[in-house]
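# Examination of the molecular architecture
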Amino acid sequence: MAMIVGRSSRTSLIGNGYYYLRKKLGFLGVISHETSSPKYSSSTTPLFHPKPNGLWRFKATLAQTQLADHNKDVVDDQGLDFPGGRVTFTSDLTFISESTDKRVPCFRVLDDNGEPITHNYVQQVTKDLAINMYSNMVKLETMDTMFYEAQRQGRISFYLTTTGEEATNIASAAALSPDDVILPQYRESGVLMWRGFTLQEFANQCFGNIADYGKGRQMPIHYGSNKHNFITISSPIATQLPQAVGVAYSLKMDKKDACVVTFFGDGASSEGDCHASLNFAAVMEAPVVFICRNNGWAISTPIEEQFRSDGIVVRGQAYGIRSIRVDGNDALAVYTAVQKAREMAITEQRPMLVEVLSYRVGHHSTSDDSTKYRAVDEIETWKMGRNPLSIFRRWIERNGWWSDRDESELRSSLKKQVIEAIQVAEKTEKPSVAELFKDVYDHSPINLKEQEKLLRETMRRHPQDYPSDVRI
């Protein structure tokens, strides 16, 4: 219902308007029908009720406080006490602009030459932490390069790199606690690497051998680890986001000193699951940190063709979530922002949104040729001019923590380690066909047994169509 009241007629209409609004708001549980004045009742129904089994749901503290603090007339010269907070009136017919004059600024600590713009945050990163971060960034880059080449040689079926986004991976992981639960998309192998997942474990998964925790059932790069609180990657886009909110709410109910961190790309932000998850997290006040890797491209779709808003960061305010935009090529900025976001998510029990601006230097995957839809010069500009490894290396070198000798020794050692991991994984036995039919039912149903029997018979009749190293 819409009701327009002019100032000159306000007095004559206030009586009828007040009683109508009191009736409506009384139904909503904001005003008691038993009071004779338009005040908030002390017996106002709480926004979250006790559960029948005795468990309390957490109160929406912000909205509850707004309602409780306002003890004024429902209709006055200034506005209306409406569920969720006070709404002021205006006589100006003004629409909210679709965008602001200036874009949301991007937080950074180091410039493109690795020179600190501010010294307020660099002290947070010690020498040991900085070297560990840089070493893992180089390790991730080396693994990506060599696994990508292995796919091109036909040794694995698929691969996807994090080239250009190494700082986003490693710096965000460094800012978290091992107890924090990670729900990744598919370009977060560096987060798992930081937590201790070995090169051999990565290789075992990509080659799908018997040492793979998924028993060869997943396609390459779909990593997962219970030990490292890293939920297994799945291909469908954005499905991890609502799951992350649910996991975060469970941590809240258990009063855990931890949060959930979930990653997604700018392409995933166009999925309905993303919008539902942001709203879900805000309403439930779940301690979850959403990290969006805005790398400019959703496979071949540029961000200009995905949305008209100023990136992802502005969506936070729309859903009632605190948010920040960060330079994804600046490891110190990512570390600082994610560390602070985690702190607020846990101490204030609220969701946080971090938009990381980076650039996907590599192809989307080995199934993609990005030169078909973007200029090679554009790729090279980001690869050479804004390389996150180069920026961070200049900073640690300027501090006297790194040298050319250190660089040479690290890269030589990592190359040998990756080669060895690939060779071992390649020679390791593949899971048997029987593994395809396990781990779902306690006792396999008849139809599943029939499928298994049929598959074995087909493999025996047409051995040339199946891998020779898979036991029947």
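Because the structure is a prediction, the values reported are computed rather than measured. (Residues numbered from 1 in each chain as written. Predicted model: local features only at pLDDT ≥ 70, side-chain atom pairs only at ≥ 80, totals over all residues. Heavy atoms only, no water.)

## Topic: unusual backbone geometry
- Backbone geometry at I299 places phi at a positive 55 degrees, although glycine is not the residue there.
- Topologically, I299 is positioned in the loop between strand 6 (297-298) and strand 7 (301-302). (Helix = DSSP H or I, 4+ residues; strand = E, 2+ residues; numbered from the N terminus.)

## Observations concerning helix 10 (residues 331-347)
- The terminal C-alpha atoms of helix 10, which comprises 17 residues, lie 24 Å apart, in line with the 24 Å expected from a rise of 1.5 Å per residue.
- Burial analysis of helix 10 places 13 of its 17 residues in the buried class, the great majority of the element.
- Structurally, the start of helix 10 carries an N-cap: the backbone nitrogen of L332 is 3.1 Å from a side-chain oxygen of D330.
- Phi turns positive, to about 50 degrees, at Q349, one or two residues after helix 10. (Expected span 1.5 Å × (residues − 1). Buried < 20%, exposed > 50% of the residue type's maximum accessible area, 1.4 Å probe, protein only. Polar contact = N/O pair within 3.5 Å; in protein donor to acceptor, adjacent residues only side chain to side chain.)

## Overview of the pattern of salt bridges
- Within this structure, the stated rule accounts for 33 salt bridges.
- The partner of R456 in a salt bridge is E452, with the nearest N and O atoms 2.7 Å apart. Placement of the pair is R456 and E452 together in helix 14 (residues 446-461), with a separation of four residues, close to one helical turn. Here R456 and E452 have matching classes, each one buried.
- Within the structure, one salt-bridge network assembled from shared partners comprises E141, R393, E397, D404, E407 and R411. (Salt bridge = Lys/Arg side-chain N within 4 Å of Asp/Glu carboxyl O.)

## As for the pairing of strand 4 (residues 260-265)
- A large share of strand 4 lies buried, amounting to six of its six residues.
- Residues of strand 4 alternate between two faces, with V260, T262 and F264 on one and V261, F263 and G265 on the opposite face, all of them buried.
- In the sheet, strand 3 (residues 181-183) pairs with strand 4 via three bridges, with the strands oriented parallel. Looking at strand 4, one finds that I182 is bridged to V261.
- Both strand 4 and strand 5 (residues 288-294) contribute to a ladder of six bridges, which runs parallel. Paired with V261 across the two strands is V289, which belongs to strand 5. (Pairing = 2+ DSSP bridges.)

## Observations concerning the confidence of the model for the protein chain
- Looking at the protein chain as a whole, the pLDDT averages 87, with 84% of positions reaching at least 70.
- Predicted confidence is poor over residues 1-61, with pLDDT under 50, and the contacts of this stretch with residues over four places away or in other chains come to 67 contacts.
- With pLDDT under 50 throughout, residues 63-68 is counted as low confidence; its partners more than four residues away or in other chains account for eleven contacts. (pLDDT = per-residue confidence, 0-100. Contact = heavy atoms within 4.5 Å.)

## Overview of the environment of P431
- Considering the arrangement of structural elements, one finds P431 in the loop between helix 13 (404-427) and helix 14.
- Accessibility expressed as a relative area gives 12% for P431, which makes it buried.
- Considered as a pair, P431 and K215 are 216 residues apart in the sequence and their alpha carbons are 6.3 Å apart.

## Topic: the nonpolar core
- Counting 75 residues, the largest nonpolar core has M133, F147, Y159, Y223, V289, F392 and W395 as its most contacted members.
- Every residue in contact with F147, bar those within four places of it in the chain, is listed here: I156, Y159, L199, F202, A203, C206, V418 and I422.
- Judged by nonpolar contacts, the second largest core, of 24 residues, contains V260, F290, C292 and I303. (Core = buried A, V, L, I, M, F, W, Y, C linked by side-chain atoms within 4.5 Å.)

## Brief notes about the packing of aromatic side chains
- Within the structure shown, the criterion is met by eleven aromatic pairs.
- Ring centres 5.4 Å apart and planes at 75 degrees place the aromatic pair Y134 and W402 in the edge-to-face group. With Y134 in helix 3 (residues 127-152) and W402 in the loop between helix 12 (388-398) and helix 13, the pair connects residues that are 268 residues apart, well separated along the chain.
- The structure contains a cluster of three or more aromatic residues connected by ring pairs, namely F197, F202, Y213 and Y223.
- Sitting over the face of the ring of F307, R315 holds its NZ or CZ atom 5.2 Å from the ring centroid. (Phe/Tyr/Trp six-rings, centres within 6.5 Å; stacked < 30°, edge-to-face > 60°. Lys NZ or Arg CZ within 6 Å of the ring centre and 35° of its normal.)

## Regarding the sheet that holds strand 8 (residues 322-327)
- Taken in spatial order, the five strands line up as 3-4-5-9-8 in an open sheet, and their pairing is parallel. Either end of the sheet is taken by a strand with one partner, and the two such strands are strand 3 and strand 8. On average, each strand axis in the sheet is inclined to that of its neighbour by 20 degrees, with strand direction left out of account.
- For strand 5 and strand 9 (residues 352-357), the ladder comprises six bridges, and the chain directions are parallel. Its bridge partner lying in strand 9, N294 is registered against L357.
- Strands in contact with helix 7 (residues 240-253) are strand 3, strand 4 and strand 5; relative to strand 4, the strand with the most contacts, it is inclined by about 170 degrees. (Axes fitted to C-alpha atoms, helices over the stretch in contact; angles between N-to-C directions.)

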